[in-house]
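Now for the letters of each chain:
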Amino acid sequence: MTAPDLFPRKTAILLLATVACCFAANHVAARLAFENGTGLLLAILCRSGVALLILIAIVVGQRHSIRLPKSSVRWQLLLGLMITIQSLCLYSAVARIPVALALLTANSFPIILALLTWGLGGARPTLKSTALMLFILSGLVLALDVPGKLDGDVSVGETWWQGIAFALTAATALSVAFWVTDHKLAALNGSVRSMFTMVVVFISMIIAGLGDVLPGGMALPDATPGWFGLAALVLLYGGAFSVLFISVPRLDMARNAPVMNMEPIATLLFAWVVLGQMISPIQMAGGLVVISGIVILSLRKSA
C-alpha cells in the first residue's frame, strides 16, 4: 500500500492549528460544564464514548486486524489505564484552577518523559536538552507565580495546590503512556492501539460510576450552561480527534507537530472570553517561556 500524499505545509499547519484550538476549547467547555453541576466521570465517559465510536469506524473502514499479540495485552491495558488517569487528573485540575495554568502545568510532560526514558535505560538527556528543561521549568515557576505564593503576596487555598498536583499527575501519567507506546506498542497499528485505549477509558468510567468511586461523578448538569458545556466538550474533542486521526498520515507530523503547542495560548484566550479568567502579565510571560521551550525541544527531537 502506497503512502498517501502529504498536504501542502500551509494546509497541514492550518489543520493542526484548528485541532489545537478545538482541544483548547474542549477544556474551557469542560470547566463551564463542571461549574454547572456536570460530573467529572460523566464528562470523560461521554468524551471517550464519542472518540471510541470514531476509532471503531476508522478501524473497520480500514479493515485493520484487532487481534493483539499476547505480549502486548498487559502493556495495552497499562496504556489505557494511564490515559484514564491522565483524563481524570487533567479535568480535575481544570475544575480547580484557571484552565490555562492547568494546561501549562500538564504540558510539562516532555521533561518527565525524558527523565523516565533515561531512568528506564534510555539515552541520557544531552546538556542542551537539560538546559531547555530548566528553561521550561523556570517558565512554569513564573506561570504559576510560585514566588508570590510562597512569599504570601498572593493568597491561595487548598484547591489551588490540589489543582497543580492533579495537573502534574496528569503529566506523569501521559509520560508513562508515551513511554509504553514508544517502547512496547510501537509495532501495533495506531488506530487499533488508540481504539483499545479508549475501550479501557470508557469501561473504567462505567465501573467508577457504578461503584460511586467519585461522589457526584455521574451527575447531570443542573443548568443550561452546563448542558452547553457538556455538548461542546464532546463535539469539540470528537471533531478534533477524528480530524487528527484521519489526517495524520498526510500531516508530516515529524515536521509540523510543534504547531500543536499553541493549545495553551488558545486556552488562555478562550478562558478569558468564555469564563472571564485572567492571569497576570508575569504569568503570561512564564507561559510563553514554557511554550517556547517545548516547541524548541520538539523541533530538536524531530530534526
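For the structure itself, look to the data block above.
All chains use their own residue numbering, which begins from 1 and follows the written sequence. Confidence filtering applies because this is a predicted model: local features only for residues at pLDDT of at least 70, side-chain atom pairs given and counted only at 80 or more, and all residues used for totals across whole chains, interfaces and linings. Hydrogens are left out, water is left out, and the side-chain values use all remaining heavy atoms of the structure.

### A few points about the overall build of the chain
For clarity, the cut-off: Numbering of helices and strands starts at the N terminus; helices are DSSP runs of H or I of at least 4 residues and strands are runs of E of at least 2. Only C-alpha atoms enter the radius of gyration, while the globule expectation follows 2.2 Å times N to the 0.38, with N the number of residues. Three exposure classes are used, based on accessible area relative to the maximum for each residue type with a 1.4 Å probe and protein chains only: buried under 20%, partly exposed in between, and exposed over 50%. Every residue pair with non-hydrogen atoms within 4.5 Å of one another is taken to be in contact. Accessibility throughout is a Shrake-Rupley quantity obtained with a 1.4 Å probe, and a residue counts as covered only by protein chains that appear here.
Counting its secondary structure elements, the chain contains 13 helices and 0 strands. Expected size for 303 residues packed as a compact globule is a radius of gyration near 19 Å; at 19 Å, the chain falls within 12% of this value. With respect to the three principal axes, the spread of C-alpha positions in the chain is 60 × 50 × 40 Å. In the chain, which comprises 303 residues, the proportion classed as buried is 48%. Restricting to contacts in the chain with at least 6 residues of sequence separation, those with at least 24 account for 90%. By element, 69% of the accessible surface of the chain is carried by carbon and sulfur atoms, the whole surface being about 14,900 Å².

### A look at the layout of surface pockets
The gaps left among the atoms become clear once a water-sized probe is rolled over them. Selection rule: Residues are called lining when one of their atoms sits within 4 Å of a cavity or pocket point, these points coming from a 1 Å grid over the protein atoms alone, where a cavity is a set in which a 1.4 Å probe fits but cannot get out and a pocket is an open set with protein on both sides within 12 Å along at least five of seven lines. Grid points are joined across faces, edges and corners, and a volume is the space filled by probe spheres set on the points. Put simply, Ala, Val, Leu, Ile, Met, Phe, Trp, Tyr, Cys and Pro go in the nonpolar bin, Asp, Glu, Lys and Arg in the charged bin, and everything else, Gly too, in the polar bin.
Looking at the second largest pocket, its volume works out to about 240 Å³. Along the walls of the second largest pocket sit 13 residues, with L40, L41, S92, R96 and L214 positioned nearest its centre. If you list the elements that add at least two residues to the lining of the second largest pocket, you get helix 2 (40-61) and helix 3 (70-94). For the lining of the second largest pocket, the class distribution of residues is 9 nonpolar, 3 polar and 1 charged.

### Description of the environment of Q62
Within the secondary structure layout, Q62 lies in the loop between helix 2 and helix 3. Of the residues examined, Q62 reaches a relative accessible area of 47% and is grouped as partly exposed.

### As for helix 4 (residues 99-106)
Among the 8 residues in helix 4, 8 count as buried, and that is most of the element. Looking only at helix 4, the buried set comprises V99, A100, L101, A102, L103, L104, T105 and A106.

### Description of the packing of helix 3 against helix 8 (residues 158-184)
Rules: To define axes, lines are fitted to C-alpha atoms, for helices over the stretch in contact only, and angles between the resulting N-to-C directions are given on a 0 to 180 degree scale. Angles below 35 degrees are treated as roughly parallel, those above 145 as roughly antiparallel, those between 65 and 115 as roughly perpendicular, and all remaining angles as oblique. When the near helix sits turned anticlockwise from the far one by under a right angle, the crossing is termed left-handed; a clockwise turn instead gives a right-handed crossing.
It is the contact of helix 3 with helix 8, at a shortest axis distance of 8 Å, that shows an interaxial angle of 155°. Judged by the angle between their axes, helix 3 and helix 8 are roughly antiparallel. As helix 3 runs across helix 8, the sense of the crossing is left-handed. The residue makeup of the contact of helix 3 with helix 8, split by class, is 18 nonpolar, 5 polar and 1 charged.

### What to know about the pattern of salt bridges
Where charged atoms from two side chains of opposite charge come close, those side chains can pair. Under the convention used in this document: Counted as salt bridges are all cases of a side-chain nitrogen of Lys or Arg within 4 Å of a carboxyl oxygen of Asp or Glu.
Scanning the model with the defined rule gives 1 salt bridge in all. The shortest N-O distance in the salt bridge between R31 and E35 comes to 3.0 Å. Under the relative-accessibility criterion, R31 is labelled buried at 12%.

### A closer look at the side chain of H27
The test is simple: Here a polar contact is taken to be a pair of N or O atoms separated by no more than 3.5 Å, where protein atoms must pair a possible hydrogen donor with a possible acceptor and residues adjacent in sequence count only if both atoms sit in side chains.
Tracing the backbone shows H27 in helix 1 (residues 9-34). Residue class for H27 comes out buried when judged on its relative accessible area of 5%. In terms of polar contacts, H27 uses its side chain to reach the backbone carbonyl oxygen of F23, at 2.9 Å. In this structure H27 touches L90, Y91, V94, V99, L103 and E263, once residues within four positions along its chain are discounted.

Read these as geometric descriptors, not functional statements.
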